[in-house]
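Breakdown of the fold
Chain by chain, the residues:
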Number of protein chains: 2
Amino acid sequence: MKKNIPLVPLILASQLLSGQVVAEDVSIAIHGGAGTLKREHMSPQQEAVYRQKLEEAVTLGHTLLKQGKSAVEAVTETIKILEDSPLFNAGRGAVYTYNGEHELDASIMDGKDRAAGAVAGVKHVKNPITLARLIMEKSDHVFLSGDGAEQFAWLHDIERASTGYFDNEQRYKQLLDVKEKLAFQQISPVHTDYKFGTVGAVARDSQGNLAAATSTGGMTAKRYGRIGDSPVIGAGNFADNQSCAVSATGHGEFFIRYNVAADICARVRYQNIDAKTAADTVINQVLKEAGGEGGVIVVDSKGAVSMPFNTSGMYRASIDTKGKLTVGIFAGE
Amino acid sequence: MKKNIPLVPLILASQLLSGQVVAEDVSIAIHGGAGTLKREHMSPQQEAVYRQKLEEAVTLGHTLLKQGKSAVEAVTETIKILEDSPLFNAGRGAVYTYNGEHELDASIMDGKDRAAGAVAGVKHVKNPITLARLIMEKSDHVFLSGDGAEQFAWLHDIERASTGYFDNEQRYKQLLDVKEKLAFQQISPVHTDYKFGTVGAVARDSQGNLAAATSTGGMTAKRYGRIGDSPVIGAGNFADNQSCAVSATGHGEFFIRYNVAADICARVRYQNIDAKTAADTVINQVLKEAGGEGGVIVVDSKGAVSMPFNTSGMYRASIDTKGKLTVGIFAGE
């Protein structure tokens, strides 16, 4: 933490001048994917299980922030909770590729100095977010992929997933279902999979630093080494102390083409608008007009949280600078 | 071309109103990498060979544009010339990975509708830019990688490189040299390789559409499946008719973290400044202060070209809307 000390007086001064929050204010937001989530398709029990896990994850992250831990630390630990749950399409709950495997992507970014780490297509890493963070902190590179990324992981004692760790009967049925549709109806995976189960976390710590982290199993029945937006810095994940931290979930191809996470930050920096307005515009105007489904979670430089999405639901939770907890699944709650 | 017709009257009208160029104006710019290029390290003969190849490539692209071909077509064919030459670190002249292989990355983007295609880590594709374009036009995805991307390539009859096609004695010596330094001095590949030989092209066609394309062999002795900025849409490559088309070359990790190509376009759109000013600011202020070396080529919505870099040289050439050819290697020419 030593190296952050010089930042504190500056942050305090600027915040006192602008009459905004004090530097101690922390906040965090998380998502567990967006898509066609409707109340009538979910039992009250299922709903409760999701809400409980979202609350558990966001509360852990918030506790770490309150203890003075960095935003990077808080988003890492929060994502690990979501990766370790079979409920979400990331880590343990990752969907199957066309070949019946699992290819995991993740990324993390530190808004303080724009350090970043990303990994694509790893098959045996238990917590891809820890590998993304390792790449950020211990390599000269930002983005590693495939077998090579795993080689790097094992060199640094990243935890391997045990055999069968990613096995999941329900996900496997999803794969068979999608493959059947692909074979007989020539529908692309894109159009058969209406739930984008990526997980993400964004936070502002007590030093005023922002961080964003995203992790995913990608798209059911993906093939040809497809990389989505989650490990693409600027598309599915971005953090910059001067504007905001963003993690995205949705139809990744659109999020890459529209540079969604970085575009929200750019609008804040260059149009002098707040992060909520910028995120709403990108998700509900730009992306919606282009046909791109999904959502984002955003925390800005003052800790304000927004979580817009243009689908019928997004698993989400936040604890704002006043300590207020929000947990939601469907639109309009 | 049929689908572009509705755009033409709009473009003409807006351009007539603003008193700018007419829609027929076409322009193109290319780069062949940036880095520590100094006149005293290059014989007049070597210099002439590079200048000739740059002129050949940019002239071909310009001729296609003058014939009414699309910006996408022009940048594809121009990049193929550069990929087919052993002079540049892309296609045939790709550098060696740590394991003595070649892992090629490329991307392309159409500014008209932000369609994009990107490929990372292919080993046997003769012209990676044709694969990036195939992904853009014939897949539901934007970004494919590794063996899977090659599977997709062979399905669509993309040309394979013949055995030994990428062999290059000089590049192999570079690899041995870097590996020696890595072994004995613990210097990272980043700090031993001062020339970033990526190739790129940006163009504006007679319909007013922009396109950007980038192709590279990456970094000598790269390992762990490292992906640089070239295939990362928003980092090494971006195109958007409303602002500009950008292709980058340089220390890729910085270009990813600073979202360089898309940031230049965002500044044009949101700060209402011209593309030259935006590109200069990002390359010579933002990146330079961060320690990121490299440059970009840019063509804006009216066809204006700029080619800033913060290294001692960048292989570059352009033909502007008046038909004026410029070819350069060193700073200050």
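Quick note: structure is the one above.
Summary of the structure given here. (Residues numbered from 1 in each chain as written. Chains lettered and ligands numbered in written order. Predicted model: local features only at pLDDT ≥ 70, side-chain atom pairs only at ≥ 80, totals over all residues. Heavy atoms only, no water.)

So, the overall build of chain A
Quick reminder of the rule: What counts as a helix is a DSSP run of H or I of at least four residues, what counts as a strand is a run of E of at least two, and both are numbered from the N terminus. Each residue's exposure class comes from its accessible area (1.4 Å probe, protein chains only) as a fraction of the maximum for that residue type: buried when under 20%, exposed when over 50%, partly exposed otherwise. It only takes one pair of heavy atoms within 4.5 Å for two residues to be counted as in contact. Where accessible areas are quoted, they stem from the Shrake-Rupley method and a 1.4 Å probe; at the residue level, only the protein chains shown are allowed to cover.
Tallying secondary structure elements over chain A gives 10 helices and 13 strands in all. Taken over 333 residues, chain A has a buried fraction of 62%. For chain A, contacts bridging at least 24 residues in sequence account for 69% of all contacts bridging at least 6. When the accessible area of chain A is evaluated, it comes to approximately 12600 Å², of which 50% is carbon and sulfur surface.

A closer look at the pattern of salt bridges
Convention followed: By definition, a salt bridge exists where a carboxyl oxygen of Asp or Glu is found within 4 Å of a side-chain nitrogen of Lys or Arg.
If you walk through the whole model with that rule in mind, you get 38 salt bridges over all chains. A salt bridge links Arg133(A) to Glu73(A); the shortest N-O distance between them is 2.8 Å. One end of the pair, Arg133(A), is in helix α4 (residues 128-138); the other, Glu73(A), is in helix α3 (residues 71-84), with 60 residues separating them in the sequence. Close ionic contact of Arg133(B) with Glu137(B) constitutes a salt bridge, the shortest N to O distance being 3.0 Å. You can see Arg133(B) and its partner Glu137(B) sitting in helix α4 (residues 128-138), four residues apart, about one turn around the helix. Exposure remark for Arg133(B): the relative accessible area of 16% places this residue in the buried category. Residue classification places Glu137(B) among the partly exposed residues on the basis of a relative accessible area of 45%.

Re the relation of the copies chain A and chain B
To go from the first copy of the chain to the second, apply a rotation about an axis and then a shift along the same axis. Definition in use: The fit set for superposing copies consists of C-alpha atoms from residues with pLDDT of at least 70 in both; the fit itself is least squares.
For the match of chain A to chain B, the screw axis carries a shift of 0.0 Å, the RMSD comes to 0.0 Å, and the turn is 180 degrees. Read as a symmetry element, the transformation amounts to a two-fold axis. The position closest to the rotation axis in chain A is occupied by the C-alpha of Tyr270(A), lying 2.9 Å away. When the interface residues of chain A are mapped onto chain B, 100% of them again lie at the interface, so the same face is used by both copies.

Remarks on the sheet that holds strand β8 (residues 237-239) of chain B
Residue and element names in this part refer to chain B. Formally: Paired strands, as defined in this entry, are two strands with at least two bridges between them according to DSSP. Angles here are taken between N-to-C directions and fall from 0 to 180 degrees, while the axes themselves are lines fitted to C-alpha atoms, restricted in helices to the stretch in contact.
The strand order across the open sheet built from four strands is β8-β9-β10-β11, with neighbouring strands paired in antiparallel fashion. Every interior strand has two partners, whereas the edge strands, β8 and β11 (305-306), have only one. As judged from the two bridges shared by strand β10 (residues 294-300) and β11, these two strands associate in the antiparallel manner. Among the inter-strand pairings, Val298 is bridged to a residue of β11, identified as Ser306. Each of β8, β9 (244-250) and β10 touches helix α9 (residues 260-271); the most contacted strand, β9, lies at about 145 degrees to it.

Section: the side chain of Arg316(A)
All names here are of chain A. Heads up, the condition is: Asp and Glu count as negative and Lys and Arg as positive, but His and the ends of the chain are not part of the count. Under the rule applied, a polar contact is a pair of N or O atoms within 3.5 Å (in protein, one hydrogen donor and one hydrogen acceptor; residues adjacent in sequence only if both atoms are side-chain atoms).
Structurally, Arg316 can be placed in strand β12 (residues 313-319). Glu333 is the oppositely charged side chain nearest to the buried, salt-bridge-free Arg316, at an N-O distance of 4.5 Å. A distance of 2.7 Å separates a polar atom in the side chain of Arg316 from the backbone oxygen of Met314. A polar atom in the side chain of Arg316 sits 2.8 Å from the backbone oxygen of Phe330. Not counting residues within four places of it along the chain, the set of residues in contact with Arg316 comprises Ile30, His31, Leu54, Met307, Phe309, Thr326, Val327, Gly328, Ile329, Phe330 and Glu333.

Focus: the nonpolar core
What counts here: Definition used in this section: a nonpolar core is a set of buried Ala, Val, Leu, Ile, Met, Phe, Trp, Tyr and Cys residues joined via side-chain atoms within 4.5 Å.
Formed by 88 residues in total, the largest nonpolar core has its most connected members in Val296(A) and Val296(B). Excluding anything up to four places from it in sequence, Val296(B) contacts Val246(B), Ser247(B), Ala248(B), Phe255(B), Val260(B), Ile264(B), Ala279(B), Ile283(B), Ser306(B), Met307(B), Pro308(B) and Met314(B).

Re the sheet that holds strand β11 (residues 305-306) of chain A
Strand pairing in a sheet takes place through backbone hydrogen bonds and is either antiparallel or parallel in direction. All names here are of chain A. If you trace the four strands from one edge of the open sheet to the other, you get β8-β9-β10-β11, paired in antiparallel fashion. Edge positions in the open sheet fall to β8 (237-239) and β11, since each of these has one partner strand only. Summarising the sheet, strand β9 (residues 244-250) and strand β10 (residues 294-300) pair through seven bridges and their orientation is antiparallel. Paired with Cys244 across the two strands is Asp300, which belongs to β10.

Here's the deal with the interface of chain A and chain B
How big an interface is tends to be stated in terms of the accessible area lost upon association of its parts. Test applied: The term buried area refers to how much accessible surface (probe radius 1.4 Å) is lost by two components on association, counted for both of them together. Three classes are used, and their members are as follows: Ala, Val, Leu, Ile, Met, Phe, Trp, Tyr, Cys and Pro are nonpolar, Asp, Glu, Lys and Arg are charged, and the others, Gly among them, are polar.
Listed as interface residues are 41 residues of chain A and, on the opposing side, 41 residues of chain B. Taken together, both faces of the contact between chain A and chain B bury some 3500 Å²; the carbon and sulfur share is 61%. Among the salt bridges present, the one from Arg269(A) reaches Asp263(B), with a minimum N-O distance of 3.5 Å. Run the count over chain A and chain B and you get 18 residue pairs in polar contact (both at pLDDT 80 or more). Of all the secondary structure elements, the ones that give two or more residues to the side of chain A that touches chain B are β3 (115-122), β4 (143-145), α5 (146-155), α7 (189-192), α8 (252-257) and α9 (260-271) of chain A. In terms of residue count, the dominant contributor to the side of chain A that touches chain B is α9(A) (seven residues). Of the residues belonging to the side of chain A that touches chain B, the class tally is 22 nonpolar, nine polar and 10 charged.

Concerning the pairing of strand β3 (residues 115-122) of chain B
Every regular strand shows the same layout, with side chains that alternate between the two sheet faces. Residue and element names in this part refer to chain B. Cut-off, in case you're wondering: By convention, a crossover is right-handed whenever its connection, traced from the first strand over the helix to the second and viewed with the strands pointing away, goes clockwise.
Counting buried residues along β3, seven of its eight residues qualify, which places the element largely inside the surrounding structure. Where strand β2 (residues 104-110) meets β3, six bridges bridge the pair, whose relative direction is antiparallel. Counted as the bridge partner of Ile108 is Gly117 from β3. Hairpin connection between β2 and β3: a loop of four residues separates the two successive antiparallel strands, and Arg114 in this loop has a positive phi of roughly 60 degrees. When β3 meets strand β4 (residues 143-145), the two strands line up parallel, connected through three bridges. Across the sheet, the residue bridging to Ala120 is Ser145, located in β4. For the handedness criterion, the β-α-β arrangement of β3, α4 and β4 is classed as left-handed.

Thoughts on the pairing of strand β6 (residues 199-204) of chain B
Residues and elements named next belong to chain B. In terms of burial, β6 is a largely internal element, six of the six residues being buried. Residue alternation in β6 divides its side chains into two sets, Val199, Ala201 and Ala203 and Gly200, Val202 and Arg204, and both sets are buried. Here strand β1 (residues 27-35) runs beside β6; their pairing, made up of five bridges, is antiparallel. Paired with Ile30 across the bridge in β6 is Ala201. Pairing of β6 with strand β7 (residues 210-216) involves six bridges; the strand directions are antiparallel. Following the sheet pairing, Arg204 is matched in β7 by Leu210. Counting the residues between successive antiparallel strands, the hairpin from β6 to β7 contains five residues, one of them, Gly208, with a positive phi of roughly 85 degrees.

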